Structure formats: C-alpha cells, structure tokens
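Structural description and commentary
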Amino acid sequence: MDNYSFEAIRENLRVIRENIGEALVKYRSSDSTDIMAVTKTVPAEVVNLVFELGLELLGENRVQEYLSKAEFYDKKADVHFIGHLQTNKVKYIINSVSMIQSVDSLKLAQEISRLAVSSSKVMDILCEVNIGGEDSKNGVAPDELGGLLEQISSLEGVRIRGLMTIPPPSDSDISFGRMQELYSRFRDEYSMDTLSMGMTHDYAQAVKYGSTIVRIGTGLFGARSYK
Ligand SMILES: *Cc1c(COP(=O)(O)O)cnc(C)c1O
C-alpha cells in the first residue's frame, strides 16, 4: 500500500474527530457533522480501511477514477459524487452514488432527472455555489441560486437536499458565513438538511458555520500527487 498506513489514517481521523467535537461543543451545542473521506488518488484497498474506523461516506471527484475503483469498495460504502460532472457522464454514476453534490446548472439537473426517472429512482442532489465568485471554480453564482433551485425543484426524480461549496482558500470565514446565510434563507422552502463545506485546511471553521458534512482528503490519507 505504498505510503499509506492504517495507523496513520486512524490517528488522523482521531484528531479530525476531536477538532470537530471541540467546534461543535463551542458553537453548536447538541448538533453533529458527518465526515466524508475524499478518495481521489487513493487506492481502493486503502479507502477500504476507513470502514474499519467507522466512516462510510466517500466523496468521488472523477468519473473514470471512480469507475475503476468502485467494484473493489466495501459494500458499506455510501458514495457521493463531489467533482465537476459533465452532462454526458451522469449515466455512468447515476445508479451507484447516493448523492450528487456538484449540481450547478439546470442542464445537468435535467439530465439527472431524465436518467433517475427512467430508473424509477429519486437522486439526492446539492447545488454547488461559487461563493467566492472565482473564475476557476464551478458552482452557481450566489445571486442566481434562488432561480436555479426553483427550476430544479420542478423536476421529477431529483430531490434537493442542500448546498455545497469550495470557498476561496484565503477567506473561508467570510465565505462560510455567507453560505450559512444562503442555507438558512432556502432551507425551509426546499426542506434542506445538508450543508456540505469544509476541507482539510478549514473544516473546523466550516463546522462553526453550520456545516453538516466536511469533506476531507489530505488530512485523512496524506498528501496527494495531484489535486
Ligand atoms: C479534493 C476535494 C476535497 C478534499 O480536499 P482536501 O484538502 O484534500 O481535504 C473536498 N472537496 C472537493 C470537492 C474536493 O475536490
């Protein structure tokens, strides 16, 4: 398993749980936050170690990489797609992920809807918000979110569960605060229960601002050879 070690992953997870626990106690009294293991570049046999540590939620970024590893994953794996998703690739993942977190256009939502309906299922989705307005990031602009949610909510086979974001690295606090506002603005109207934000470098801040899922790669498995 190359540079990966079960002991290191276990220790990393212990620290992450401790930090999340502290942030919860400090800012959110009796609430909770799920930990997602982000698996890009991590071999399937290493990913499978996390199930022994009580994690079940996996985040996948790349369709091809996911397809090459999926069959080796433990049966317990609950996989969310979190990377940029091209409309023509939805068909490859629609039947093996439980949520698509990276929906940022009506066109993508329509394709998810079409395929979900033809499989007689309902796909949970999050709308990805480009909270920092960065050219390099995917996601819907904050002022277009309301319109997109309204359009998606009329589609069959798609259930809006909440919002996801990757903030600019330098201003996590401001961005997370703005996401918390957006989430509380739309939560009741769309019966949302999921706010996915926070990665290795900023998950404790994300918890402070109400994150319900933190997505952690490097902090759990160690540094990647590519991003
Ligand atoms: C890679 C990635 C993460 C995890 O990033 P780390 O800094 O390694 O924790 C989280 N979310 C998305 C969408 C990612 O692509």
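Model, not experiment: these values are computed from the prediction. (Residues numbered from 1 in each chain as written. Predicted model: local features only at pLDDT ≥ 70, side-chain atom pairs only at ≥ 80, totals over all residues. Heavy atoms only, no water.)

Right, let's talk about the pairing of strand E5 (residues 123–129) for a bit. Counting buried positions along E5 yields seven of seven residues, so the element is predominantly enclosed. The side-chain alternation of E5 yields two buried faces, one formed by Met 123, Ile 125, Cys 127 and Val 129 and the other by Asp 124, Leu 126 and Glu 128. Relative to E5, strand E4 (residues 99–103) runs parallel, the two being bridged by three bridges. Paired with Met 99 across the bridge in E5 is Asp 124. As paired elements, E5 and strand E6 (residues 158–165) share seven bridges and run parallel to each other. Within E6, the position partnered with Leu 126 by the bridge is Gly 162. A crossover connection joins E5 to the parallel E6 through helix H7 (residues 142–153); in handedness this β-α-β unit is right-handed. (Buried < 20%, exposed > 50% of the residue type's maximum accessible area, 1.4 Å probe, protein only. Helix = DSSP H or I, 4+ residues; strand = E, 2+ residues; numbered from the N terminus. Pairing = 2+ DSSP bridges. Right-handed = clockwise from strand over helix to strand, strands pointing away.)

The next subject is H7. The terminal C-alpha atoms of H7, which comprises twelve residues, lie 17 Å apart, in line with the 16 Å expected from a rise of 1.5 Å per residue. Buried within H7 we find Leu 145, Leu 148, Leu 149 and Ile 152. With its buried residues spanning 105° around the axis, H7 presents them on a single face. Opposite the buried face of H7, by more than 90 degrees, sit the exposed residues Asp 143, Glu 144 and Glu 150. On its buried side, H7 packs onto E4, helix H6 (106–118), E5, E6 and helix H8 (172–186). (Expected span 1.5 Å × (residues − 1). Arc of directions from axis to C-beta. Contact = heavy atoms within 4.5 Å.)

Moving on to the environment of Met 197. Mapped onto the elements of the fold, Met 197 is located in the loop between strand E7 (194–196) and helix H9 (203–208). With 32 residues separating them along the chain, Met 197 and Thr 165 place their C-alpha atoms 5.6 Å apart. With sequence-adjacent residues up to four places away left out, Met 197 is seen in contact with Thr 165, Phe 176, Met 179, Ala 206, Tyr 209, Ser 211, Ile 213, Val 214 and Arg 215.

Relative orientation of the contacting elements H7 and H8 amounts to 25°, with a least axis distance of 12 Å. Taken together, the axis directions place H7 and H8 in an arrangement best described as roughly parallel. As for how H7 packs across H8, the hand of that crossing is right-handed. For the pair H7 and H8, the contacting residues are Pro 142, Leu 145, Gly 146 and Leu 149 in the first and Arg 178, Leu 182 and Phe 186 in the second. (Axes fitted to C-alpha atoms, helices over the stretch in contact; angles between N-to-C directions. Parallel < 35°, antiparallel > 145°, perpendicular 65-115°, else oblique. Left-handed = near helix turned anticlockwise from the far one by under 90°.)

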